[in-house]
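Here's the letter readout for the chains.
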Amino acid sequence: MMSKKLKIFLVISIIVSVAITGFSMTMLWVGVNGPYLNSQGELLSDWPNAVIYEVFVRSFYDSDGDGIGDLNGLTEKLDYLQDLGIEGLWLMPINPSPSYHKYDVTDYYDIDPEYGTLEDFNRLLTEAHNRGIKILMDLVVNHTSSQHPWFKDAYLSSESSYRDWYVWADAETNLLERGEWNQQVWHGFGENHYEGIFWEGMPDLNFDNPAVKKEIIQIADYWLEQGVDGFRLDAAKHIYSRDDQANVAWWQEFRQALDETNPDVFLVGEVWAEASVVAPYLQEGLNSAFDFDLSSKILASAKQESNAGAVSYLSRVREYVSTIDEEAIDSIFLTNHDMNRIMSELNGNVNQAKMAASLLLTLPGTPFIYYGEELGMEGKKPDEQIREPMLWYNAPTDTGQTTWEKARYNLDEKAISVESQLTDPDSLYNHYKRMIYLRRSNDVLINGEIETIGLTAPGLIGFKRLTPEEEVVVLHNMSVTPLELELTGDLAEFSEVLFENGLLELKSNSVGQVISINPYSTVILMPE
Ligand code: CA
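Residue positions are counted from 1 within each chain, in the order its sequence is given. Thresholds applied to this predicted model are a pLDDT of at least 70 for local features of residues and 80 or more for the giving and counting of side-chain atom pairs; totals over whole chains, interfaces and linings are not thresholded and use all residues. With hydrogens and water set aside, each side-chain value is computed from the structure's full complement of heavy atoms.

### Considering the coordination of the calcium ion
Donor atoms are limited to N, O and S found within 2.8 Å of the metal ion, a distance that becomes 3.2 Å for Na, K and Ca. With water left out, some sites might look partial. Around the calcium ion, the protein contributes the donor atoms D62 (OD), D64 (OD), D66 (OD), I68 (O) and D70 (OD), at 2.3 to 2.4 Å from the metal centre. The sequence motif formed by the donor residues of the calcium ion is D-x1-D-x1-D-x1-I-x1-D. Residues D62 and D70 agree in their burial class; the two are buried. The classification of residues rests on relative accessible area computed with a 1.4 Å probe and restricted to protein chains. Under 20% of the type maximum is buried, over 50% is exposed, and intermediate values are partly exposed.

### Focus: the environment of R242
We count a stretch as a helix when DSSP gives it H or I for four or more residues in a row; a strand needs E for two or more, and each element gets its number in order from the N terminus. Structurally, R242 can be placed in the loop between β6 (230-233) and α9 (244-261). In this structure, the C-alpha to C-alpha distance between R242 and G179, residues 63 residues apart in sequence, is 9.5 Å. We call two residues in contact when some of their heavy atoms are within 4.5 Å. Ignoring sequence-local partners within four residues, the contact set of R242 consists of E177, R178, G179 and E180.

### Focus: the confidence of the model for the chain
You can read pLDDT as the predictor saying how much it trusts each residue, on a scale of 0 to 100. When pLDDT is averaged across the chain, the result is 91; 92% of the residues are at 70 or more. With pLDDT under 50 throughout, residues 1-33 is counted as low confidence; its partners more than four residues away or in other chains account for 40 contacts.

### Some thoughts on helix α12 (residues 310-324)
With 15 residues, α12 extends 21 Å from end C-alpha to end C-alpha; this agrees with the ideal 21 Å at 1.5 Å per step. Residues A310, V311, Y313, L314, S315, V317, R318 and V321 constitute the buried set of α12. To estimate how far a helix should extend, the number of its residues minus one is multiplied by 1.5 Å.

### A closer look at the sheet that holds strand β16 (residues 503-508)
When DSSP finds two or more bridges between a pair of strands, those strands are recorded as paired. The antiparallel open sheet is built from three strands, whose spatial order is β14-β17-β16. In this open sheet, the two strands that pair with only one neighbour each are β14 (483-487) and β16. Looking at each pair of strands side by side, their axes are set apart by 10 degrees on average, direction ignored. Direction of pairing for β16 relative to strand β17 (residues 513-517): antiparallel, over a ladder of five bridges. Residue pairing for β17: S508 is matched across the bridge by Q513. Under this scheme, a helix contributes an axis fitted over its contacting stretch, all axes are lines through C-alpha atoms, and angles between N-to-C directions fall in the 0 to 180 degree range.

### Things to note about a nonpolar patch on the surface
Patches were defined on residues exceeding 30% relative accessible area and lacking a salt bridge, with like-charge contacts within 9 Å and nonpolar side-chain contacts (Val, Leu, Ile, Met, Phe, Trp, Tyr) within 5 Å. Note that accessible areas follow from Shrake-Rupley with a 1.4 Å probe, and for residues the cover is restricted to the protein chains shown. By definition, a salt bridge exists where a carboxyl oxygen of Asp or Glu is found within 4 Å of a side-chain nitrogen of Lys or Arg. Together, W181, F198 and W199 line one region of the surface with nonpolar side chains, adding up to about 330 Å² of accessible area. Within the secondary structure, F198 sits in the loop between β5 (192-195) and α8 (210-226). We classify F198 as partly exposed; its relative accessible area is 35%.

### Examining the packing of aromatic side chains
Centres within 6.5 Å are what make two rings of Phe, Tyr or Trp a pair, Trp counting through its six-membered ring; a difference in plane orientation under 30 degrees is then read as stacked, over 60 as edge-to-face, and the rest as tilted. This structure, assessed with the given rule, holds 36 aromatic pairs. When the ring of F56 is compared with that of Y100, the centres are 6.2 Å apart and the planes differ by 80 degrees; the resulting orientation is edge-to-face. Residue F56 is located in the loop between β1 (52-55) and α3 (57-60), and its partner Y100 is located in the loop between β2 (88-91) and α6 (118-130); the two are separated by 44 residues in the primary sequence. We classify Y100 as buried; its relative accessible area is 18%.

### Observations regarding unusual backbone geometry
In this model, W47 is joined to P48 through a cis peptide bond whose omega is 0 degrees. With respect to the secondary-structure elements, P48 resides in the loop between α2 (23-30) and β1. P382 follows K381 through a cis peptide bond whose omega is 15 degrees. Here P382 lies in the loop between β10 (366-370) and α15 (418-422). The backbone phi angle of K102 is positive, close to 70 degrees, even though this residue is not glycine. Within the secondary structure, K102 sits in the loop between β2 and α6. Given a relative accessible area of 0%, K102 falls into the buried group. A positive phi angle, close to 60 degrees, is found at N182, a residue other than glycine. Following the sequence through the fold, N182 ends up in the loop between α7 (149-156) and β4 (186-189).

### A look at the sheet that holds strand β18 (residues 521-526)
Sheet strands pair via backbone hydrogen bonds, and the direction of the pair is either parallel or antiparallel. Judged by pairing direction, the sheet is antiparallel, and its five strands sit side by side in the order β11-β12-β13-β18-β15 without closing on themselves. Each of the sheet's edge strands pairs with one partner strand only, and the pair in question is β11 (449-452) and β15 (496-500). Averaged over all pairs of adjacent strands, the angle between their axes in this sheet comes to 25 degrees, without regard to strand direction. Bridging between β11 and strand β12 (residues 460-466) involves four bridges; their strand directions are antiparallel. Paired with E451 across the bridge in β12 is K464.

### Brief notes about the pairing of strand β3 (residues 134-139)
Burial analysis of β3 places five of its six residues in the buried class, the great majority of the element. The sheet contact formed by β2 and β3 spans four bridges and is parallel. Bridge pairing links W90 to L136 in β3. Look down the strands so they point away from you; if the path from the first strand over the helix to the second goes clockwise, the crossover is right-handed. In the classification by handedness, the crossover that spans β2, the intervening α6 and the parallel β3 is right-handed. Pairing of β3 with β6, which is carried by four bridges, proceeds in the parallel orientation. For M137, the partnering residue across the bridge sits in β6 and is F231.

### Focus on the packing of helix α11 (residues 292-304) against α12
Viewed as axis vectors pointing N to C, α11 and α12 meet at an angle of 160 degrees, and their least axial separation amounts to 9 Å. Classified by the angle between their axes, α11 and α12 sit roughly antiparallel to one another. Judged by the sense of rotation from one axis to the other, the crossing of α11 with α12 is left-handed. From α11, D293, L294, K297, I298 and S301 reach across to α12, where they touch A310, Y313 and L314. We call Asp, Glu, Lys and Arg charged. Ala, Val, Leu, Ile, Met, Phe, Trp, Tyr, Cys and Pro are nonpolar, and the rest, Gly among them, are polar. For the contact of α11 with α12, the per-class residue count stands at five nonpolar, one polar and two charged. Small angles under 35 degrees read as roughly parallel and large ones over 145 as roughly antiparallel, with 65 to 115 read as roughly perpendicular and the rest as oblique. Should the near helix be turned anticlockwise from the far one by less than a right angle, the crossing is left-handed, and should it be turned clockwise, the crossing is right-handed.

And the structure:
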């Protein structure tokens, strides 16, 4: 539940946002479907069943005019994130690193000077926590940078005390061995051939060495003591190449050790695999894993404007995972920093983008939003183009906008900036905000189980969300055509409207009710 302090802050922030944006915003939030607060006038919070936002700090907001986003810039924009309804941030790597993306770390105990200082980070933590926003750090420990002092020392001499921290080829090693993606895995020269499954600049750490495991736990403890609330674990299924059982055992050991420092630590892993492979990672190890399969099913549903099986898949997965660990959490999302942006996949179709968001934010799990997704930012690989500068303003300005790379997709004239969307009630941004507030105003949308309903129609994705106390029926018309449905049997009882953004008609007939839903709209019904 929300603290009193936060409640007061929220009320103030609503007043401030109304004052800034004027009458249209007031109308928006007190209209038929607003303002989406519960009976006590609060937004609900049940961490880690929370809405989390993935931030690429470099692209977010620049506080010192060098064009590179930084921690102080992010702190300046916490009000924006809080107002959107965000409850947690996943910060892509912030440790010192020679690369622009920083997934190759040279010092696990510091902040990259491009992003700021440890003091800046502590201020970010305090200011985020003051706003009810938790912070997850990206922990990249499958490998270090080849520039890390450990690796440089190990490479220089086979006598180095860090030599056994990495994986070296011996006479038996097949140096031409290819990895899971047919990539080269052995790099280096002569006596110094080392394993690096991602790239030669990322030598893999040797987790058969207890000293490495001890160090990694010490690193995580260090950041927990700074106040972070958890970690997103990069490449969690590659710690031991092709050995899921060994990986699971390691993450269990890691979790157990961290629990002693912070029993509420939240660990979400990147385990890019099917559910049967992911599930064991959630047994007393990771709290959560990203559901990549669901992401492609949501995308297909939005793109094909039809039911692509997201709900039946999710129901099966949740049932299966709960038999392994009933506390396990599904981290659900549309895209992340390794995938083409959803708006590009949808060829710029804003209606489809809205329906993808509506579906995501009415499903059970912990929804992650990739920065700029709420604006409909576009981008296709290569990676730099899916990580373009967040677009804050309509016109070029010297305040805050990051310019570390020239945008190829998100150009000012497309008018998708925060500035233009904040005041437009029909914008994608305001759609996201409404759906987040809707979720955070109804416990059943946060904590309810999901159940399929025996109702099919072209364009329809319908399901129930239910807790022991509450039950609602969610109906999404994903398509361009109006949808008419007969609600019979036990669905006939759901005759009250909890939410709608396109209800044409709801009337009773002899067998139940008939409902008509506008194109690209959602109706949520509850029992009378
Ligand atoms: Ca900067």
